[in-house]
Amino acid sequence: MNTLIDLRSDTVTKPSPAMLEAMFQAPVGDDVYSEDPTVNELQEYGASLFGMEAGLFCPSGTMTNQIAIKMHTQPLTEVICDRTSHIYLYEVGGIAFNSAASVKLIEGVRGRMSPEQIEAAINPDNIHYPVTSLVSLENTSNKGGGSYYTGAEIAAISEVCRRNNLPLHLDGARVFNALVATGEKPQDYSRYFNTISVCLSKGLGAPVGSLLLGPKRMIEQAKRVRKALGGGWRQAGFLAAAGLYALQNNIQRLQIDHDRAKQLGKALEAAPYVTEVLSVETNIVIFTLAPEINPDGFINYLETQNILATTFGPQQIRFVTHLDLTDEMISAIIHAISDFKA
Ligand SMILES: *Cc1c(COP(=O)(O)O)cnc(C)c1O
């Protein structure tokens, strides 16, 4: 079998024929003038899904997160987030660069912070400390291996924020994976979060783009910040059409990705050269190789089987399932796992 099986990320998906058709058919206009009907439709549709007032289509999830942080903070203030969060680890230190704010890192469990940890991390009013200005959650957690918060856990955190007058941002790059796993509705999130970032180009399968959702006033300001970052765009409706298609067709099927990730997790648990598999909660599988196994050697072996994966820490490997995989590919991966000779 020669088809490449790419488990490096759920960002590697290509538009399906139906998504491409939707892109070609999209009516477009100049979005700097807010005249692209498809961008406008995507923004309204995304906002309405979450019960938020307005949305802004951006090129990446890094941009939606960074714009949100910029709007919620001032220089000399501080963002509370888990130490493994994407906004801290994987956005090039953008919080310092864009917002001149600092971060307070929490040692959560697989990327999940508790309400008590958050409350304890809020700085007292004292001239020595940055003013705590924002709490940011990541759901699902990437570095936590696709772990998710339940609605009840989010409600408790949101209550801490409300009591302390702090806005709550959601890095929801994979929020639909969390919602499909819990069976909860996106509308519930508008009660908890001031702003929400959603990636359309992860498990939902669009080629490009993320949505920032929030109150109308804030989204108007966000559009200015996006422009200042060079992110104003013209006939982006072709891309927005892919995002709309993704939101309208590819949410419920995320369950398939979760089931397949569980299958892979099982196969890895049975492998003698794997010492730990993080319990699979959604579409990410993180596992640890025995100390005598060279991780690069394992990755190279997978490559000989036409399987791509990445290392994710010392002795750790990450597999991500997504909509371009098939049952045949999952069988081939399971065979490759059991055939590996340490
Ligand atoms: C992918 C991802 C983002 C956004 O990444 P971009 O590559 O900038 O689109 C943000 N947060 C998390 C948790 C992610 O996995």
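How each quantity is defined
- Residues numbered from 1 in each chain as written.
- Predicted model: local features only at pLDDT ≥ 70, side-chain atom pairs only at ≥ 80, totals over all residues.
- Heavy atoms only, no water.
- UniProt positions renumbered as here; feature names shortened; annotations may be inferred.
- Helix = DSSP H or I, 4+ residues; strand = E, 2+ residues; numbered from the N terminus.
- Polar contact = N/O pair within 3.5 Å; in protein donor to acceptor, adjacent residues only side chain to side chain.
- Contact = heavy atoms within 4.5 Å.
- Core = buried A, V, L, I, M, F, W, Y, C linked by side-chain atoms within 4.5 Å.
- Buried < 20%, exposed > 50% of the residue type's maximum accessible area, 1.4 Å probe, protein only.
- Near = heavy atom within 4 Å.
- Areas by Shrake-Rupley, 256 points an atom, 1.4 Å probe, with all protein chains shown as cover.

By the naming in an unreviewed UniProt entry, the protein goes by Aminotransferase class I/II-fold pyridoxal phosphate-dependent enzyme and is assigned to Rufibacter hautae. What the UniProt record of the protein gives under Cofactor (unreviewed entry) is the line "pyridoxal 5'-phosphate". In its Sequence similarities (unreviewed entry) section, the UniProt entry covering the protein states "Belongs to the threonine aldolase family."

Caption draft 1: Representation of the side chain of Gln43 within the structure. Tracing the chain through its elements places Gln43 in helix H2 (residues 37–49). Here Phe57 takes part through its backbone nitrogen, which lies 2.9 Å from a polar atom of the side chain of Gln43. Those residues in contact with Gln43, other than ones at most four positions away along the chain, are Gly55, Leu56, Phe57 and Leu211.

Caption draft 2: Here's a closer look at the nonpolar core. Core analysis: the biggest nonpolar cluster contains 48 residues, and Phe50, Leu137 and Phe176 have the highest contact counts within it. Looking at this core, the element that brings in the most residues is helix H10 (residues 237–249), giving five residues. Counting residues in each nonpolar core, the second largest holds 31 residues, with Ile5, Ile293, Phe298 and Leu325 among its members.

Caption draft 3: The arrangement of the pairing of strand S2 (residues 54–58) in detail. Extensive coverage of S2 is indicated by the burial of five of its five residues. Every second residue of S2 is oriented toward a common face, with Ala54, Leu56 and Cys58 on one face and Gly55 and Phe57 on the other, all of them buried.

Caption draft 4: How the structure looks around the site of the ligand. The local shell around the ligand holds 13 residues, among which Gly61, Thr62, Asp171, Arg174 and Lys202 are the closest. Side-chain polar atom of Asp171 to a nitrogen atom of the ligand: 2.6 Å apart, as the coordinates give it. In the complex, 83% of the free accessible area of the ligand, which totals 380 Å², lies under the protein chains. In terms of residue count, helix H3 (residues 61–72) provides more of the shell around the ligand than any other element does, three residues in total.

Caption draft 5: Region of interest: the UniProt feature "domain: Aromatic amino acid beta-eliminating lyase/threonine aldolase" (unreviewed entry) in the protein. UniProt records the feature "domain: Aromatic amino acid beta-eliminating lyase/threonine aldolase" (unreviewed entry) at residues 6–288, using the numbering of this structure. Here residues 6–288 runs as 40% helix and 17% strand, with 19 Å between its end C-alpha atoms.

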